[in-house]
Amino acid sequence: MDSVKKEQIGILVAHRIAITLGAVSAGLLAIGVLWKYVTLGPLVLWFVLLVAVAFYRWWVFVRLKEQDDELSPSTPLLVGMTASAFVNGSVWGSLLILFFPPEPLSLALLLGLHASYVSAAASSTSIYLPVFFGFTVTSSVLVCIGLVRAGLEQYWPFVVLTLLYLLVSLQLGLRNNRAFREQIKLRFENTALMAELVDQRDRAESAMRAKNSFLAAASHDLRQPVHALGLFVDSLESYQQSD
């Protein structure tokens, strides 16, 4: 796996708290909207499944952070992370299939919650597209299926709006992903450039030290004959004076 993709996964892992808390918070808000209209037992079971998937993803994120081996797209942890995104999208998207609210206001609240969840995914998970697509596409398609299963024509505009919002979110996610990749590549290039500049500086300093050492040795070697010549001249002068 190239360094850019490994950095993308690292950034996604760094968002693990926001991703996990977002899933749990969205589930709690959905329960707050639906608890008056549906049997509480199945709704709680749905929430437990949602939380279980969220904490499985947390575990995968922690393991990825601790893993020192070379990552590849077939690494079991990466496969598990991508698969858990599809499962999370399936659980969340099944909400309207399993528990369709009888009141339009409650339905609007759930659709708004779904839109907010998708927007959050575009911000936090678009750094790694398999995870982003796994949740966003799966959940939005299932939400549309839930609206169609209601069998009322008045819900078709919601289907269209949900699909349009999905397309906009996908475009936003792709743009965010490109921006992230360019920033990471630029950071790597700057790091490589700084390393090259440091290497060149070290070479220049080494060359300067070698030059100074050579000049010091040459100066010492030149002073010795001159000093010897001076002693010889003094000896000659002393000899002449003695004559």
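Computed from a prediction, not measured in an experiment: that's the story for all the values here.

Here is what the cut-offs are and how they apply
Residues numbered from 1 in each chain as written. Predicted model: local features only at pLDDT ≥ 70, side-chain atom pairs only at ≥ 80, totals over all residues. Heavy atoms only, no water. Helix = DSSP H or I, 4+ residues; strand = E, 2+ residues; numbered from the N terminus. Buried < 20%, exposed > 50% of the residue type's maximum accessible area, 1.4 Å probe, protein only. Contact = heavy atoms within 4.5 Å. Areas by Shrake-Rupley, 256 points an atom, 1.4 Å probe, with all protein chains shown as cover. 1 Å grid on protein atoms, 1.4 Å probe; cavity = no way out; pocket = protein on both sides within 12 Å on 5 of 7 lines; lining within 4 Å. Points joined across faces, edges and corners; volume = space filled by probe spheres on them. Nonpolar A, V, L, I, M, F, W, Y, C, P; charged D, E, K, R; others polar. Phe/Tyr/Trp six-rings, centres within 6.5 Å; stacked < 30°, edge-to-face > 60°. Expected span 1.5 Å × (residues − 1).

Caption draft 1: Representation of the overall build of the chain. Check the secondary structure of the chain and you find 8 helices and 0 strands. Ordered by position in the sequence, the α and β elements of the chain form the string α-α-α-α-α-α-α-α. Looking at the chain as a whole, 35% of its 243 residues qualify as buried. For the chain, long-range pairs separated by at least 24 residues make up 75% of all intrachain contacts whose partners lie at least 6 apart in sequence. As presented, the chain carries roughly 14,300 Å² of accessible surface, and 66% of it is formed by carbon and sulfur atoms.

Caption draft 2: Quick look at the layout of surface pockets. Quantified by volume, the second largest pocket comes out at close to 150 Å³. Considering the residues around the second largest pocket, the lining is formed by 13 residues, among which I19, Y117, A120, A121 and S124 are closest to the centre. Elements that contribute at least two residues to the lining of the second largest pocket include exactly α2 (16–34), α4 (76–93), α6 (104–124) and α7 (129–149). Of the residues assigned to the lining of the second largest pocket, the class counts are 8 nonpolar, 4 polar and 1 charged.

Caption draft 3: Spatial organisation of empty space enclosed by the protein. Summed over the entire model, instances satisfying the criterion amount to 1 cavity of 30 Å³ or more. Its volume calculated, the largest cavity comes out at about 60 Å³. W92, L95, L96, L110, L111, H114 and V143 are the residues that line the largest cavity. Breaking the lining of the largest cavity down by element, the ones donating at least two residues are α5 (95–98) and α6. By residue number, the principal contributor to the lining of the largest cavity is α6, which donates 3 residues. Classifying every residue of the lining of the largest cavity by side-chain character gives 6 nonpolar, 1 polar and no charged.

Caption draft 4: Structural detail: the packing of aromatic side chains. Applying the stated criterion across every chain yields a total of 7 aromatic pairs. Arranged with centres 5.6 Å apart and planes meeting at 40°, the rings of F132 and F133 form a pair that is tilted. Through a chain of ring-to-ring contacts, the aromatic side chains of W46, W92, Y117 and F135 assemble into a single cluster.

Caption draft 5: A look at α6. The end-to-end C-alpha distance of α6, which contains 21 residues, comes to 30 Å, matching closely the 30 Å that a straight helix rising 1.5 Å per residue would cover. Turning to α6, its buried residues number three or more, namely S106, L107, L110, L111, L113, H114, A115, Y117, V118, A121, A122 and S124.

Caption draft 6: Representation of the environment of A54 within the structure. Within the element layout of this structure, A54 appears in helix α3 (residues 40–66). Taking the C-alpha atoms as reference points, A54 and A23, separated by 31 residues in sequence, lie 6.5 Å from one another. With residues near it in sequence (within four places) discarded, A54 still touches T20 and A23.

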